[in-house]
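# Descriptive analysis of the structure
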Amino acid sequence: MFRKQERIGDESGEEQVIRIKLRQKTLRIYMKWLSHDKGRELVFVEGQNDGKMLVHVGGWKSRLLPTLKIDPHESRAMAESRHPVTDAGLLEVARRCIAYRQRDLKAPSGVRCRMLDNQKFDDRACYCFIIEYDRPDLLDGYRKVVAHIDKEYSLPVSVKNYGWPQDDASLSETELDAETLIEIYSYSEIRLHSQLAEADFSRHNKAYRFR
């Protein structure tokens with residue numbers, strides 16, 4: 001189960017709850033929305049469909065509109081998402097976290113990191129890392145990152161990213177976090193090493209509703 005909530009422009013979007021199947025080697029992704037545009041489905045298979053993802057909308061419109069072929073990086077795909085679908089999945093999130101932390105270690109100053117042990121996420125034992133930055137240039141405009149790392153899986157199962165305030169008004173830490181929260185991503189009900197067939201990533205799967 002993948003949950004995300006993002007601020008696009010000045011608007012904070014609603015939480016999206018998505019069932020996801022993913023194979024990492026030769027990237028294959030299937031998504032089904034359980035909220036927001038409920039019933040929407042998406043398939044992306046690396047090297048197929050001219051590099052485009054296949055999408056059908058949810059709700060009553062799914063009976064009228066055909067399956068759409070959309071480039072993951074074009075404006076329609078990014079209208080309600082801060083990252084392309086090709087960045088989805090625990091492995092990609094882990095790679096990005098590692099890259100950012102490696103860069104943090106090279107910073108001579110301006111980066112603070114705390115680790116909290118014995119934390120919980122989705123009722124699973126986790127470490128929680130809180131990373132804060134003194135200047136916007138240190139991490140692509142992020143001011144603060146809160147990440148939960150599952151102790152058994154050694155994977156980031158929840159990441160919250162905060163930006164910088166638009167003014168210098170004096171705010172409490174709680175108020176500042178509420179004002180500057182820009183994205184939340186989390187994974188739960190994780191099943192690693194599942195045997196997923198090619199049909200799990202096909203528009204022709206009889207359990208799916210692609211037209």
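Below: a short report on this structure. All of these numbers come straight from a predicted model, not from anything done at the bench.

So, on to the pairing of strand 5 (residues 41-45). The element strand 5 is extensively covered by neighbouring structure, given that 5 of its 5 residues are classed as buried. Residue alternation in strand 5 divides its side chains into two sets, Glu41, Val43 and Val45 and Leu42 and Phe44, and both sets are buried. Of the pairings in the sheet, the one linking strand 4 (residues 28-33) to strand 5 comprises 5 bridges and is antiparallel in character. Bridging from a neighbouring strand, Met31 pairs with Leu42 of strand 5. Pairing geometry for strand 5 and strand 6 (residues 53-56), over 3 bridges, is antiparallel. Along strand 6, the bridge assignment pairs Leu42 with Val55.

This next bit is on the nonpolar core. Among the nonpolar cores identified, the biggest contains 35 residues, and Ile29, Met31, Leu42 and Met53 are the most heavily contacted of them. Among the elements of the structure, strand 4, strand 5, strand 6, helix 2 (90-106), strand 9 (124-133), strand 10 (144-150), strand 11 (156-162) and strand 12 (181-187) are those that each provide at least two residues to this core. Here this core takes 5 residues from helix 2, the largest share from any one element. Non-local contacts of Met53, meaning those with residues more than four positions away in its chain, are made with Leu42, Val43, Phe44, Leu68, Lys69, Ile70, Pro72, Ala77 and Val85. Grouped together as the second largest cluster of nonpolar side chains are 7 residues, Tyr30, Val43, Val45 and Phe201 included.

Right, let's talk about unusual backbone geometry for a bit. Its identity as a non-glycine residue notwithstanding, Asn118 has a phi of 55°, on the positive side. Along the polypeptide, Asn118 turns up in strand 8 (residues 111-121). We classify Asn118 as exposed; its relative accessible area is 64%. Unusually for a residue other than glycine, His193 sits at a positive phi of about 65°. Positionally, His193 belongs in the segment after strand 12.

On to the side chain of Ser186, then. Relative to the helices and strands, Ser186 is located in strand 12. Setting aside chain neighbours within four positions, we find Ser186 in contact with Met1, Phe2, Arg3, Phe121, Val157 and Ser158.

Among all positions in helix 3 (residues 173-180), only Leu176, Asp177 and Thr180 are buried. Here the buried residues of helix 3 occupy an arc of 100° about the axis, which is enough to place them on one side. Facing away from the buried side of helix 3, by more than 90 degrees, are the exposed residues Thr174 and Ala178. Taken together, the buried residues of helix 3 touch strand 1 (2-8), strand 10, strand 11 and strand 12.

Conventions adopted
- All residue numbers refer to position in the chain's written sequence, counted from 1.
- Per-residue local features of the predicted model are confined to residues with pLDDT of at least 70, and side-chain atom pairs are confined, for both listing and counting, to 80 or more; whole-chain, interface and lining totals are unaffected and use all residues.
- Side-chain measures were taken over the full set of non-hydrogen atoms in the model, leaving aside hydrogen atoms and water.
- Relative accessibility decides the category of a residue: with a 1.4 Å probe and only protein chains considered, values under 20% of the type maximum give buried, values over 50% give exposed, and everything between is partly exposed.
- The secondary structure listing takes helices from DSSP runs of H or I that are at least 4 residues long and strands from runs of E that are at least 2 residues long, numbered from the N terminus.
- Strands qualify as paired when DSSP identifies two bridges or more between them.
- What makes a nonpolar core is a set of buried Ala, Val, Leu, Ile, Met, Phe, Trp, Tyr and Cys residues whose side-chain atoms join them at distances within 4.5 Å.
- For this analysis, residues touch if any pair of their heavy atoms sits within 4.5 Å.
- When we speak of the arc, we mean the arc of directions from the helix axis to the C-beta atoms.

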